[in-house]
Amino acid sequence: MATGLERIAEKARQEPTLRFTSLAHHLTPEGLWKALHHIPSSTAPGTDGITQPEAVDTFATWAEPMLQAVHRRGYHPPAVRRVWIPKPGKAAKRPLGVPGVADRALQRCTAEVLGAVYEQDFLPCSFGGRPGRGAHHALATLNEIIAGKRVSWVLEADLKNFFGSLDHQWMMRFVEHRVGDPRILSLIRRWLKVGVLEAGQVQESTEGTPQGGSISVLLSNLYLHYVLDLWFTKAIKPKLRGEAYLVRYIDDFVVCFEHREDAVRFHAALSQRLRKFQLELEPTKTRLMAFGRFATRNAVRQGRRKPDTLYFLGFTHYCTRNRNGGFQVGRKTEKTRLRRSLAHLQDTMRQMRHDPIDVQVQVLNQLLQGHYAYYGVAGNIRALIQVYQATERYWHRLLSSRSQKSYVTWAEFQALKKRFPLTRPKLFISYQDLQRYAIL
């Protein structure tokens with residue numbers, strides 16, 4: 001973090017109610033240049049058609065005019081190009097906004113400046129889109145809460161069309177709690193109102209924030225900081241009879257309770273709270289369940305073979321026992337995520353069926369390593385082995401179908417694998433790491 005941003009962070013930490021009236025001067029050509037190089041060269045261009053390498057080559061012609069326009073409050077971001085991507089495990093698709101490359105760099109630069117302020121305000125219960133707080137930290141924290149705290153009930157929740165439902169008026173009110181610089185406020189307001197280009201027509205944005213830009217992640221965290229995190233911590237927890245804990249990753253969150261009546265009361269209050277801010281829960285992904293060290297015993301008493309399972313951040317969490325017979329939270333790759341990963345691997349193999357073997361194995365290993373890096377969490381080794389074995393079988397099948405005379409026997413395939421080995425499954429997060437990653 002630059003020295004100027006360090007001073008902002010220190011001031012924000014020391015004075016929690018201070019409004020910053022001069023922040024735009026921290027948007028500099030150096031910051032834009034750095035942000036531009038954080039954007040992958042293969043990233044999709046926006047409505048202007050300019051790619052990342054082209055933006056780098058022409059940086060001297062657009063960077064200074066862009067910053068000058070920001071300072072005189074005359075910057076108008078280009079319309080966002082909308083694309084539709086499949087939802088995990090579903091036929092339906094969800095919208096994704098693709099800003100222009102230069103605008104994306106400005107968003108990242110602005111998010112870094114605002115992050116110096118808001119990182120001092122955000123609570124430990126929020127993860128995602130924050131430095132040093134990723135999905136594995138959220139998973140580890142949830143593991144420590146359920147395994148080590150007085151937790152018997154868990155509310156699994158998801159917000160319906162969250163990014164498309166954010167209320168612009170409420171958003172600006174939240175921003176203005178800490179930001180008083182009219183240049184930054186104008187910039188954020190125009191990002192919220194920027195039109196969306198789809199089917200050759202620009203549609204006006206009256207609510208929500210397009211997914212795809214750095215500023216959207218920060219604004220979504222800010223919105224739920226006031227709507228959910230602060231409300232739960234300051235207004236709800238003191239009124240509950242037992243312990244309660246919130247773990248939120250962007251718009252996915254779980255709330256853990258000691259007593260069922262506390263969970264039921266919170267669920268009812270949560271729906272009312274969200275309606276006030278134009279949000280609502282997704283009913284198909286929101287449920288209250290018995291989960292924790294006593295869940296198995298209670299399920300047996302109720303005539304059920306085992307307790308419910310919890311879905312969070314691509315993992316299925318379930319109640320199990322460790323080698324010493326003590327309670328333990330087990331986790332495995334969620335079925336829809338597993339099917340999606342296998343489908344992506346198979347599609348990639350089909351596309352490069354006729355490529356040289358060394359090229360194929362290089363691409364496959366990159367995909368496998370990426371899968372292991374996320375899903376390689378303690379207790380999930382079987383799911384990793386399943387992905388490895390399925391990749392091995394399908395690769396053998398495709399190599400045998402490259403021509404009428406290309407059948408590869410299993411012995412030949414094993415010899416081929418010795419020359420071009422596939423990356424074997426590996427756990428990246430051990431049980432010890434789960435304790436170390438937890439942020440309570």
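Rules behind the numbers
- Residues numbered from 1 in each chain as written.
- Predicted model: local features only at pLDDT ≥ 70, side-chain atom pairs only at ≥ 80, totals over all residues.
- Heavy atoms only, no water.
- Helix = DSSP H or I, 4+ residues; strand = E, 2+ residues; numbered from the N terminus.
- Rg over C-alpha atoms; globule rule 2.2 N^0.38 Å.
- Contact = heavy atoms within 4.5 Å.
- Areas by Shrake-Rupley, 256 points an atom, 1.4 Å probe, with all protein chains shown as cover.
- Lys, Arg positive; Asp, Glu negative; His and termini not counted.
- Charge placed at Lys NZ, Arg CZ, Asp CG, Glu CD.
- Pairing = 2+ DSSP bridges.
- Axes fitted to C-alpha atoms, helices over the stretch in contact; angles between N-to-C directions.
- Buried < 20%, exposed > 50% of the residue type's maximum accessible area, 1.4 Å probe, protein only.
- Expected span 1.5 Å × (residues − 1).
- Arc of directions from axis to C-beta.
- Parallel < 35°, antiparallel > 145°, perpendicular 65-115°, else oblique.
- Left-handed = near helix turned anticlockwise from the far one by under 90°.
- Phe/Tyr/Trp six-rings, centres within 6.5 Å; stacked < 30°, edge-to-face > 60°.
- Lys NZ or Arg CZ within 6 Å of the ring centre and 35° of its normal.
- Core = buried A, V, L, I, M, F, W, Y, C linked by side-chain atoms within 4.5 Å.
- pLDDT = per-residue confidence, 0-100.
- Polar contact = N/O pair within 3.5 Å; in protein donor to acceptor, adjacent residues only side chain to side chain.

Digging into the overall build of the protein chain
Then, in step 1: What the protein chain contains, in helices and strands, is 17 helices and 12 strands.
Then, in step 2: Compactness check: the protein chain gives a C-alpha radius of gyration of 24 Å against a globular reference of 22 Å for 440 residues, within 12% of the reference.
Then, in step 3: Dimensions of the protein chain, computed from C-alpha atoms along their principal axes, come out at roughly 70 × 60 × 40 Å.
Then, in step 4: By sequence separation, contacts in the protein chain at least 24 residues apart represent 71% of the contacts at least 6 residues apart.
Then, in step 5: Per element, the accessible surface of the protein chain, about 22000 Å² overall, is 50% carbon and sulfur.
Then, in step 6: Within the protein chain, one finds 65 positive and 38 negative side-chain charges whose respective centroids are separated by 8 Å.

Remarks on the sheet that holds strand E11 (residues 315–321)
Then, in step 1: Taking strand neighbours across the sheet as the criterion, the three strands line up as E10-E11-E12 in an open arrangement whose pairing is antiparallel. The two strands at the open ends of the sheet, each matched to only one other strand, are strand E10 (310–312) and strand E12 (327–333). The mean angle between the axes of side-by-side strands here comes to 35°, regardless of whether they run parallel or antiparallel.
Then, in step 2: Both E11 and E12 contribute to a ladder of seven bridges, which runs antiparallel. By the bridge assignment, Thr-320 is partnered in E12 with Gln-328.
Then, in step 3: Where helix H6 (residues 135–148) meets the sheet, it contacts E10, E11 and E12, and its direction lies at approximately 150° from that of E12.

Section: the pairing of strand E8 (residues 252–257)
Then, in step 1: The element E8 is largely enclosed, with a buried count of five among its six residues.
Then, in step 2: Two strands pair when backbone bridges link them, and strand E4 (residues 153–158) and E8 are joined in this way by six bridges, in the antiparallel orientation. Residue pairing across strands places Trp-153 opposite Phe-257, the latter belonging to E8.
Then, in step 3: As paired strands, strand E7 (residues 244–249) and E8 are joined by six bridges and run antiparallel to one another. Looking at E8, one finds that Ala-244 is bridged to Phe-257.
Then, in step 4: Connecting the antiparallel pair E7 and E8 is a turn made up of two residues, with Ile-250 showing a positive phi of about 55°.

Notes on the side chain of Thr-110
Then, in step 1: For Thr-110, the location among the structural elements is in helix H5 (residues 101–118).
Then, in step 2: What makes Thr-110 buried here is its relative accessible area of 0%.

Thoughts on unusual backbone geometry
Then, in step 1: One non-glycine residue, Arg-73, adopts positive backbone phi at about 60°.
Then, in step 2: One can find Arg-73 in the loop between helix H4 (59–71) and strand E1 (80–86).
Then, in step 3: Of the residues examined, Arg-73 reaches a relative accessible area of 45% and is grouped as partly exposed.
Then, in step 4: Its identity as a non-glycine residue notwithstanding, Asn-161 has a phi of 45°, on the positive side.
Then, in step 5: Note that Asn-161 resides in the loop between E4 and helix H7 (162–165).

Some thoughts on helix H11 (residues 260–276)
Then, in step 1: Over its 17 residues, H11 extends 25 Å from the first C-alpha to the last, a length consistent with the 24 Å expected when each residue adds 1.5 Å.
Then, in step 2: Restricting attention to buried positions, one finds in H11 the residues Asp-262, Ala-263, Phe-266, Leu-270, Arg-273 and Leu-274. Along the axis of H11, the buried positions cluster into a sector of 90°, meaning they face one direction only. Exposed side of H11, more than 90 degrees from the buried face: Gln-272 and Arg-275 are the residues found there.

Description of the packing of helix H2 (residues 29–38) against H5
Then, in step 1: One way to put it is that H2 packs onto H5 with a least axis distance of 8 Å and a crossing angle of 115°. Comparing the axis directions of H2 and H5 gives the class roughly perpendicular. Crossing hand, H2 versus H5: right-handed. Across the interface between the two elements, Gly-31, Leu-32, Lys-34, Ala-35, Leu-36 and His-38 from H2 touch Val-101, Ala-105, Leu-106, Arg-108, Cys-109 and Glu-112 from H5.

Quick notes on the pairing of E7
Then, in step 1: Burial of E7 is extensive: five of the six residues sit out of reach of the surface.
Then, in step 2: When strand E3 (residues 126–127) meets E7, the two strands line up parallel, connected through two bridges. Paired with Ser-126 across the strands is Arg-248, a residue of E7.

What to know about the packing of aromatic side chains
Then, in step 1: Evaluated as defined, the whole model comprises 17 aromatic pairs.
Then, in step 2: Ring centres 5.3 Å apart and planes at 40° place the aromatic pair Trp-410 and Phe-413 in the tilted group. Of this pair, Trp-410 and Phe-413 both sit in helix H16 (residues 410–419), three residues apart, which is roughly one turn of that helix.
Then, in step 3: Overall, the relative accessible area of 0% leaves Phe-413 in the buried class.
Then, in step 4: Through a chain of ring-to-ring contacts, the aromatic side chains of Trp-170, Phe-174, Tyr-223, Tyr-226 and Phe-277 assemble into a single cluster.
Then, in step 5: Over the face of the ring belonging to Phe-127 we find Arg-133, whose NZ or CZ atom lies 5.2 Å from the ring centre.
Then, in step 6: The ring centre of Trp-153 lies 5.5 Å from the NZ or CZ of Arg-260, which sits over that ring.

Points about the nonpolar core
Then, in step 1: Judged by nonpolar contacts, the single largest core of 80 residues is most densely connected at Leu-32, Leu-106 and Tyr-223.
Then, in step 2: Here the element with the most residues in this core is helix H10 (residues 214–236); it accounts for 12 residues.
Then, in step 3: Here Tyr-223 is in contact with Phe-162, Leu-166, Asp-167, Trp-170, Met-171, Phe-174, Phe-277 and Leu-279, once residues within four sequence places are set aside.
Then, in step 4: In terms of nonpolar packing, the next biggest core, distinct from the first, is built from 53 residues, Phe-291, Leu-338, Tyr-372 and Tyr-388 among them.

Side note on the confidence of the model for the protein chain
Then, in step 1: Per-residue pLDDT for the protein chain averages 89, and the proportion of residues at 70 or more is 95%.
Then, in step 2: Mean pLDDT across the elements of the protein chain ranges from a minimum in helix H12 (residues 295–301), with 71, to a maximum in E7, with 95.

Observations regarding the side chain of Thr-286
Then, in step 1: Among the secondary structure elements, Thr-286 is positioned in the loop between H11 and strand E9 (287–290).
Then, in step 2: Classification of Thr-286 as buried rests on a relative accessible area of 12%.
Then, in step 3: At a separation of 3.5 Å, a polar atom in the side chain of Thr-286 contacts the main-chain amide nitrogen of Asp-158.
Then, in step 4: For Thr-286, the side chain forms a polar contact with the main-chain oxygen of Glu-282, separated by 2.8 Å.
Then, in step 5: The contact partners of Thr-286, leaving out residues within four places of it in the chain, are Leu-155, Glu-156, Ala-157, Asp-158, His-267 and Leu-281.

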